Amino acid sequence: MTNLSHQQLSAILAPVDEATILFDSEADVQPGALADLIYASLFRYADNHESDSWETQSLASERQALNLANELLLGEDEALHAQLRAAVFEHAQWLIPAGRSLTISADRNTLSLALAQAA
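Residues numbered from 1 in each chain as written. Predicted model: local features only at pLDDT ≥ 70, side-chain atom pairs only at ≥ 80, totals over all residues. Heavy atoms only, no water.

Which parts of the structure should I look at to understand the pairing of strand E1 (residues 100-106)?
Look at any regular strand and the pattern is simple: side chains alternate between the two faces of the sheet. Pairing geometry for E1 and strand E2 (residues 111-117), over seven bridges, is antiparallel. Following the sheet pairing, Ile104 is matched in E2 by Leu113. Linkage of E1 to E2, two consecutive antiparallel strands, is achieved through a turn of four residues. (Pairing = 2+ DSSP bridges. Helix = DSSP H or I, 4+ residues; strand = E, 2+ residues; numbered from the N terminus.)

Looking at this structure, how should I read helix H2 (residues 31-42)?
Structurally, the α-helix is built with 3.6 residues per turn, so residues lying three or four positions apart point the same way. For H2, spanning twelve residues, the distance from its first C-alpha to its last is 16 Å, which sits close to the expected 16 Å at 1.5 Å a residue. Where H2 is concerned, the buried positions are Pro31, Leu34, Ala35, Ile38, Tyr39 and Leu42. Seen from one end, H2 has its buried residues packed into an arc of 135°, which puts them on one side. Within H2, the exposed residues directed more than 90 degrees away from the buried face are Asp36, Leu37, Ala40 and Ser41. (Expected span 1.5 Å × (residues − 1). Buried < 20%, exposed > 50% of the residue type's maximum accessible area, 1.4 Å probe, protein only. Arc of directions from axis to C-beta.)

I keep staring at the packing of H2 against helix H3 (residues 54-74) and nothing clicks. Help me out?
Geometry of a packed helix pair, given as the angle between the helix axes and the separation of the axes. Remark: H2 packs on H3, axes separated minimally by 8 Å, with the N-to-C direction vectors making an angle of 130°. By the angle between their directions, the pair H2 and H3 is classed as oblique. The hand of the H2/H3 crossing is right-handed. On the side of H2, the interface is formed by Pro31, Gly32, Leu34, Ala35, Ile38 and Tyr39, while H3 contributes Trp54, Ser58, Ser61, Glu62, Ala65, Leu66, Leu68, Ala69, Asn70, Leu72, Leu73 and Leu74. Of the residues that constitute the contact of H2 with H3, the class distribution is 13 nonpolar, four polar and one charged. (Axes fitted to C-alpha atoms, helices over the stretch in contact; angles between N-to-C directions. Parallel < 35°, antiparallel > 145°, perpendicular 65-115°, else oblique. Left-handed = near helix turned anticlockwise from the far one by under 90°. Contact = heavy atoms within 4.5 Å. Nonpolar A, V, L, I, M, F, W, Y, C, P; charged D, E, K, R; others polar.)

What is the right way to look at the nonpolar core in this model?
Generally speaking, a soluble globular protein has its nonpolar side chains buried in company with each other. Counting eight residues, the largest nonpolar core is built from Leu34, Ala35, Ile38, Tyr39, Leu42, Phe43, Ala65 and Ala69. Per-element tally for this core: the top contributor is H2, with five residues. Look past the residues within four positions of Ala35 in its chain and what remains in contact with it is Ala65, Leu66 and Ala69. (Core = buried A, V, L, I, M, F, W, Y, C linked by side-chain atoms within 4.5 Å.)

In structure tokens:
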């Protein structure tokens, strides 16, 4: 899958900068449901050679919508945690052998991994 640049990603959900998202603070709105509404309302396919396929744009738009919904409903820290969990789940978890566990320690400049027998 190709990574989209910030400019390309902005083109996919550009109206989000102009949209006003309103919901009652006491409403029982879950991030996934709000993300679905944001995506359905604002996703638009950029039909040019620099913006990659419809599938790639759609997936990036879904991720951006879910992150926005998480930020609005859960806060910035929980939205970041959700993004990190999703990245590990999508790109690394399937690599962990059965009966093993992976511990990750990272900051902006270093990454440490430990693969051990599962407890």
